[in-house]
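# Summary of the model geometry
The residues making up each chain are set out below.
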Amino acid sequence: MLELPDEPALIPYFVAGYPSVESTPDAIEAFGEGGADVVEVGLPFSEPIADGPTIQNAITRALQNGMTPDVYFDKIGEADVDIPLVCMTYYNLIMKRGVDKFVRDCKSVGIEGIIVPDLPVDESDALYEACEEHGVSLVFIVAPTTTDDRLERIMERVSGFVYVQARLGTTGARDDVSGATYDVLRRVEGYDVPKAVGFGVSKGEHAREIVRGGADAVVAGSVFVEGMEDGIEEIGQKARELKQGALEGGQEAPKSDESNV
Amino acid sequence: MSKGKFEGYGGQYVPEAIMPAIDELEEAYEEYLNDDGFLNELDAKLRDYGGRPTAFYHAPQLSERVGTKVYLKRDELLHGGAHKLNNALGQVLLAKKMGKERIIAETGAGQHGTATAMASAALNMDCEVYMGAKDMERQRPNVFRMRLMGATVTPVETGSATLKDAINETMRDWATNVEDTHYVIGSVVGPHPFPAMVRDFQSVIGREIREQSMEAEGRLPDSIVACAGGGSNTMGAFYEFIDDEEVELHAVEAGGSSLETDDERAPNSASLNIGDDGVLHGARTKILQNDEGQILESHSLSAGLDYSGVGPELAALVDEGRVKPATADDDEAMNAFQILSEDEGIIPALEPSHAVAHVLREGDSLGDYVVINLCGRGDKDLETAMESIGMDMDVGFGEGA
Ligand SMILES: Cc1ncc(COP(=O)(O)O)c(C=O)c1O
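Given the structure is predicted, the values throughout are model-derived calculations rather than measurements.

Cut-offs used in this document
- Here, residues in each chain are numbered from 1, in the same order as that chain's written sequence.
- Whichever chain is written first becomes A and whichever ligand is written first becomes 1, with later ones labelled in order.
- Reporting in this predicted model follows two pLDDT cut-offs: at least 70 for local features of residues, and 80 or more for side-chain atom pairs to be given and counted; totals over whole chains, interfaces and linings ignore these cut-offs and use all residues.
- Note that water and hydrogens are dropped before the side-chain values are worked out from all heavy atoms of the structure.
- The criterion for strand pairing is that DSSP finds at least two bridges linking the strands in question.
- Helix numbering and strand numbering both begin at the N terminus, where a helix is a DSSP run of H or I of at least 4 residues and a strand a DSSP run of E of at least 2.
- For helices, the axis comes from a line fit to the C-alpha atoms of the stretch in contact; other axes are also lines fit to C-alpha atoms, and the angle between any two N-to-C directions lies between 0 and 180 degrees.
- Working rule for contacts: check all heavy atoms of both residues, and any pair within 4.5 Å makes them a contact.
- Among the buried residues, those of types Ala, Val, Leu, Ile, Met, Phe, Trp, Tyr and Cys that are joined through side-chain atoms within 4.5 Å form a nonpolar core.
- For each residue, the accessible area found with a 1.4 Å probe, counting protein chains only, is set against the maximum for its type, and the residue is called buried under 20%, exposed over 50%, and partly exposed in between.
- Domain start and end points were adopted from an automatic or database domain assignment.
- In the sections that follow, a salt bridge refers to a side-chain nitrogen of Lys or Arg positioned within 4 Å of a carboxyl oxygen of Asp or Glu.
- Here the quantity called buried area is the total loss of accessible area, with a 1.4 Å probe, experienced by two parts when brought into contact, counted for both.
- Two N or O atoms count as a polar contact when they lie within 3.5 Å, although within protein this holds only if one can serve as hydrogen donor and the other as acceptor, and sequence-adjacent residues are included solely when both atoms are side-chain atoms.
- With respect to orientation, any angle under 35 degrees is reported as roughly parallel, any angle over 145 as roughly antiparallel, any angle of 65 to 115 as roughly perpendicular, and every other angle as oblique.
- Should the near helix be turned anticlockwise from the far one by less than a right angle, the crossing is termed left-handed; should it be turned clockwise, right-handed.
- Residue proximity to a molecule or strand is established when one non-hydrogen atom of the residue lies within 4 Å of it.
- Values of accessible area rely on a 1.4 Å probe in the Shrake-Rupley scheme; residue burial ignores everything except the protein chains shown.
- With a 1 Å grid laid over protein atoms only, a set of points is called a cavity when a 1.4 Å probe fits there but cannot get out and a pocket when it is open yet has protein on both sides within 12 Å along at least five of seven lines; lining residues have an atom within 4 Å of a point.
- Each molecule is checked against the cavity or pocket grid, and it sits inside if more than half of its atoms lie within 2 Å of the grid points.
- For this classification, Asp, Glu, Lys and Arg are treated as charged, while Ala, Val, Leu, Ile, Met, Phe, Trp, Tyr, Cys and Pro are nonpolar and the rest, including Gly, are polar.
- Note on ring pairs: Phe, Tyr and Trp rings are taken, using the six-membered ring of Trp, and paired if centres are within 6.5 Å. Classes follow the plane angle, with under 30 degrees stacked, over 60 edge-to-face and the rest tilted.
- Ring-over charges, as used throughout, are those where CZ of Arg or NZ of Lys falls within 6 Å of the ring centre and within 35 degrees of the ring normal.
- Here, a disulfide means two cysteine sulfur atoms that sit within 2.5 Å of each other.
- UniProt positions are given in the numbering used here, feature names are shortened, and annotations may be inferred rather than shown by experiment.
- What the arc describes is the spread of directions from the helix axis to the C-beta atoms.
- Grid points are joined across faces, edges and corners, and a volume is the space filled by probe spheres set on the points.

## Quick look at the sheet that holds strand β9 (residues 223-227) of chain B
Residue and element names in this part refer to chain B. Strand order in this open sheet of six strands is β3-β4-β14-β9-β10-β13, and the pairing throughout is mixed. The sheet terminates laterally at β3 (56-58) and β13 (323-329), the two strands that pair on one side only. Averaged over all adjacent pairs, the angle separating strand axes in this sheet is 25°, with direction ignored. The pairing of β3 with strand β4 (residues 69-73) spans three bridges and is classified as antiparallel. Paired with histidine 58 across the two strands is tyrosine 71, which belongs to β4. Contacts between helix α14 (residues 330-344) and the sheet are confined to β3, β4, β10 (248-256) and β13, with β13 contributing the most and set at about 90° to the helix.

## Things to note about the nonpolar core
One finds Tyr72, Tyr91, Ile114, Leu127 and Phe161 of chain A to be the most contacted residues of the largest nonpolar core, which totals 158 residues. Per-domain counts for this core show at least three residues from each of domain 1 (15-47 + 84-191) and domain 2 (53-81 + 199-389) of chain B. When residues no more than four places from it in sequence are discounted, the contact partners of tyrosine 72 of chain A are Ala16, Val41, Gly42, Leu43, Met67, Val86, Cys87, Met88 and Ile111 of chain A. Ranked by size, the runner-up nonpolar core spans 31 residues in total, among them Tyr71, Val204, Ile205 and Leu314 of chain B.

## As for the side chain of aspartate 165 of chain B
Summarising the element assignment, aspartate 165 of chain B is placed in helix α8 (residues 163-177). Excluding residues that lie within four positions of it along the chain, aspartate 165 of chain B makes contacts with Glu47 of chain A together with Val156, Thr158, Gly159 and Ser160 of chain B.

## Some details on the pattern of salt bridges
Residue and element names in this part refer to chain B. Inspection of the entire model under this criterion finds 58 salt bridges over all chains. Of the charged contacts in the structure, one is a salt bridge between glutamate 24 and lysine 100, with a shortest N-O distance of 3.6 Å. Placement of glutamate 24 in helix α1 (residues 19-32) and of lysine 100 in the loop between α4 (84-97) and β5 (102-107) is noted, with a sequence separation of 76 residues between them. Glutamate 24 sits in the partly exposed class, given a relative accessible area of 35%. What makes lysine 100 buried here is its relative accessible area of 7%. Across the pair glutamate 313 and arginine 199 runs a salt bridge, and its minimum N-O distance is 3.0 Å. One end of the pair, glutamate 313, is in helix α13 (residues 312-319); the other, arginine 199, is in helix α9 (residues 194-202), with 114 residues separating them in the sequence.

## Quick word on the interface of chain A and chain B
Between chain A and chain B, the contact holds 38 residues from the first and 39 residues from the second. Buried surface at the junction of chain A and chain B, both sides included, amounts to about 3,100 Å², of which 55% is carbon and sulfur. The largest contributions to the chain A side of the interface with chain B come from Ile49, Lys96 and Glu123 of chain A, which together make up 22% of the buried area. For the pair chain A and chain B, the number of links is five salt bridges. We note a salt bridge from glutamate 47 of chain A to lysine 164 of chain B, for which the minimum N-O separation is 3.1 Å. Linking chain A with chain B are 19 residue pairs in polar contact (both at pLDDT 80 or more), by the criterion used here. With five residues, the top contributor of residues to the side of chain A that touches chain B is helix α4 (residues 91-97) of chain A.

## Focus on the packing of helix α9 (residues 204-212) of chain A against helix α11 (residues 235-252) of chain A
Residue and element names in this part refer to chain A. For the pair α9 and α11, the least separation of the axes is 7 Å and the interaxial angle reads 30°. Here α9 is positioned roughly parallel relative to α11, judged by the angle of their axes. For the element pair α9 and α11, the recorded crossing hand is right-handed. Between α9, through Gly204, Ala207, Arg208, Val211 and Arg212, and α11, the contact on the second element is made entirely by Glu241, Leu242, Gly245, Ala246, Glu248, Gly249, Gly250 and Glu252.

## Concerning the site of the ligand
All names here are of chain B. What surrounds the ligand is a group of 18 residues, the closest being Ser187, Gly229, Gly231, Ser232 and Asn233. Here an oxygen atom of the ligand sits 3.0 Å away from a polar atom, N or O, in the side chain of histidine 83. Protein chains bury 97% of the 390 Å² of accessible surface belonging to the ligand in isolation. The pocket occupied by the ligand, as judged from atoms lying within 2 Å of grid points, is the largest cavity. Its residues placed into classes, the shell around the ligand shows six nonpolar, ten polar and two charged. Of the residues that make up the shell around the ligand, three or more belong to each of domain 1 (15-47 + 84-191) and domain 2 (53-81 + 199-389).

## What about the packing of aromatic side chains?
Inspection of every chain in the model, using the stated rule, returns 13 aromatic pairs over all chains. Between the aromatic rings of phenylalanine 73 of chain A and phenylalanine 102 of chain A, the centroid separation amounts to 5.6 Å while the plane-to-plane angle is 70°, which identifies the pairing as edge-to-face. With phenylalanine 73 of chain A in helix α3 (residues 69-78) and phenylalanine 102 of chain A in helix α5 (residues 99-108), this pair connects stretches of sequence that are 29 residues apart. Where tryptophan 174 of chain B meets phenylalanine 194 of chain B, the ring centres are 6.0 Å apart and the plane angle is 70°; that geometry is what we call edge-to-face. Linking tryptophan 174 of chain B in helix α8 with phenylalanine 194 of chain B in helix α9, this pair joins segments that are 20 residues apart in sequence. Residues tryptophan 174 of chain B and phenylalanine 194 of chain B agree in their burial class; the two are buried. Site record: aromatic cluster; members linked through ring pairs are Phe14, Phe31 and Phe224 of chain A. Sitting above the plane of the tyrosine 239 of chain B ring, arginine 199 of chain B keeps its charged end 4.0 Å from the centroid.

## Section: the pairing of strand β11 (residues 276-280) of chain B
All names here are of chain B. As paired strands, β11 and strand β12 (residues 283-287) are joined by five bridges and run antiparallel to one another. Looking at the pairing, aspartate 276 lines up with isoleucine 287 of β12. Linking β11 back to β12 in an antiparallel pair, the connection comprises two residues, with histidine 281 at a positive phi of about 50°.

## Here we look at the state of the cysteines
In the structure shown here, the tally under the stated rule is zero disulfides over all chains. Not engaged in a disulfide, the cysteine cysteine 87 of chain A finds its nearest cysteine sulfur in cysteine 106 of chain A; these two sulfurs lie 4.7 Å apart.

## Looking at the UniProt feature "domain: Tryptophan synthase beta chain-like PALP" (unreviewed entry) in chain B
Those residues carrying the UniProt feature "domain: Tryptophan synthase beta chain-like PALP" (unreviewed entry) are residues 50-376 of chain B in this numbering. With 41% helix and 20% strand, the stretch residues 50-376 of chain B has end C-alpha atoms that lie 14 Å from each other.

## Remarks on α3 of chain A
All names here are of chain A. Those residues of α3 that sit buried are Pro69, Tyr72, Phe73, Lys75 and Ile76. Projected down its long axis, α3 carries its buried residues within an arc of 170°, all on one side. Residues of α3 that are buried in the fold lie against α1 (23-33), β2 (39-42), β3 (85-88), α4, α5 and β4 (111-115).

## A look at the side chain of threonine 146 of chain A
With respect to the element layout, threonine 146 of chain A can be found in the loop between β6 (141-142) and α7 (148-157). Reaching out from threonine 146 of chain A, the side chain makes a polar contact with the backbone nitrogen of alanine 143 of chain A at a distance of 2.9 Å. If sequence neighbours within four positions are ignored, threonine 146 of chain A has contacts with Leu151, Ile154 and Arg187 of chain A together with Glu16 and Pro20 of chain B.

## Looking at the layout of surface pockets
When its volume is computed, the second largest pocket comes out at roughly 600 Å³. Per element, the largest residue contribution to the lining of the second largest pocket is five residues, and it comes from helix α2 (residues 53-64) of chain A. Here the residues of the lining of the second largest pocket are counted per class, giving six nonpolar, twelve polar and nine charged. Viewed by domain, the lining of the second largest pocket spans two of them, domain 1 (15-47 + 84-191) and domain 2 (53-81 + 199-389) of chain B, each represented by three or more residues.

In structure tokens:
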């Protein structure tokens, strides 16, 4: 099962197979060296309906580069890191491989959590059972539009962390932190599971504000993927900036330990 | 907890951000589909604006050629030139009742986009239509029609720049603007309640067929034949007859240029025939995919059938054996297009030309009395046809091959 550290965490995302298949394990290691606490590795699907243009393009390229589920598990297995990994992908790839096999394959290469943006809690029975059985966390997204009764149902199944979607729309780097972030954070505050905020995070300053606002972790994807066009050299530095921001935000945050018992 | 299942197909595989809107839509749909006021308003619009009921026509020359009695259900006479308006008017009216301010839609051939632009203009709503850049090129008159009627047409350049990419982009818009926007899906696909709701709005076709058939022939037909892309004209024609076991239901998909697929492409759109179980665009259904689960690019001469998935209810009806799947390839469809034009003076769209082709091929094995759902007219396809046939068509055509 996935566990986040006690300090504010950074969870970078990138697309396996982009910019190249060979760079995939190197990117994971570079994130680790840059201070990432968990790395979310996207397994590219041909119809990424939850993603904005940056990640869509990376997915198209990754597929052209020959990234497949088999190659994905091989390449991830090559990465030499101590931090846990999370798989982000769309449900058809999981179903096609066989839900149980998919989860076992994840576990065998150090993937401790799975996020599926087109699998709402309502359809999650099969994957949830397989995750429970093999000790893998199933991470769910909570959106600004999520209703109270849906929130309850999501929170019954979520583990590892809850992914707080900071704004409506698709993934993509933005210039500001949306006001909706704080509303959603407030609504999940009382639940005993770490809160990670994603969708639009691109700067150290964002990470700082978000953690100050009550988050335990920040997720950033498009900003890294943009920087990977010509290689993975830049990502370590960007990771350090975001991690630093998160740590600063943690020092400034009002302590509210009683919700985390 | 999961909803809207047809023998395991269907469901709601969409991002969490959209789920509340889908729940809200489901509630509204259940409320209004039993509301006489709403239904009367829709019926009046379909009649006075759309031109329903559409004619039911005994096609004498075609019947003689086929060797069995063939009737055409003439939804190509509906305003806009295709059955698509039945659904678009229903959904836009529903969205209006729900207090939504903005309509979005995807379109492949441009027929559903056109119908949605019409319905939005008729009911005074803002409308934006996403269309694959490649399809915009293939269907320029429809792009112009939509814009004339006040819709914004936005090109989609991603992926193969066709229908499935347009659906992806419309879903992204919906996930962004879900609070004031309704997504009018153009076929019996997508997450619940769309497959059931679109079917219900389209099933006026089958209800009219029943009544007109009793009037014209004093009985139900032996077979009803409809083309299937997503399958909305198909379910619209079939739904009324599901329990009439003596009526055979034939769904004809685009065989394209071949039924052989490779790792990236299916040169056809035959998901009912050769697809397998998967999840695409919010529903579990039969889809064209490779061994890893990546979606294959589909192909058909007719843009309206060119899609890698199919409605979940239709997939279930095929598994149950109630609906018989078939294919007609590009050449057969183009041939049928010419034959119906010359025999009856009715130029069909290339989509229902596949249904006509099936009847030409199967002949009286379909029974003594066959109904073809002629769900669209061919004006939009004239350019494709001119390219394929050439302008000089005085030799050797109409001979059935
Ligand atoms: C005339 C016509 N028939 C059929 C279709 C295919 O849609 P469906 O399978 O949902 O009826 C289209 C789609 O654009 C169309 O324009």
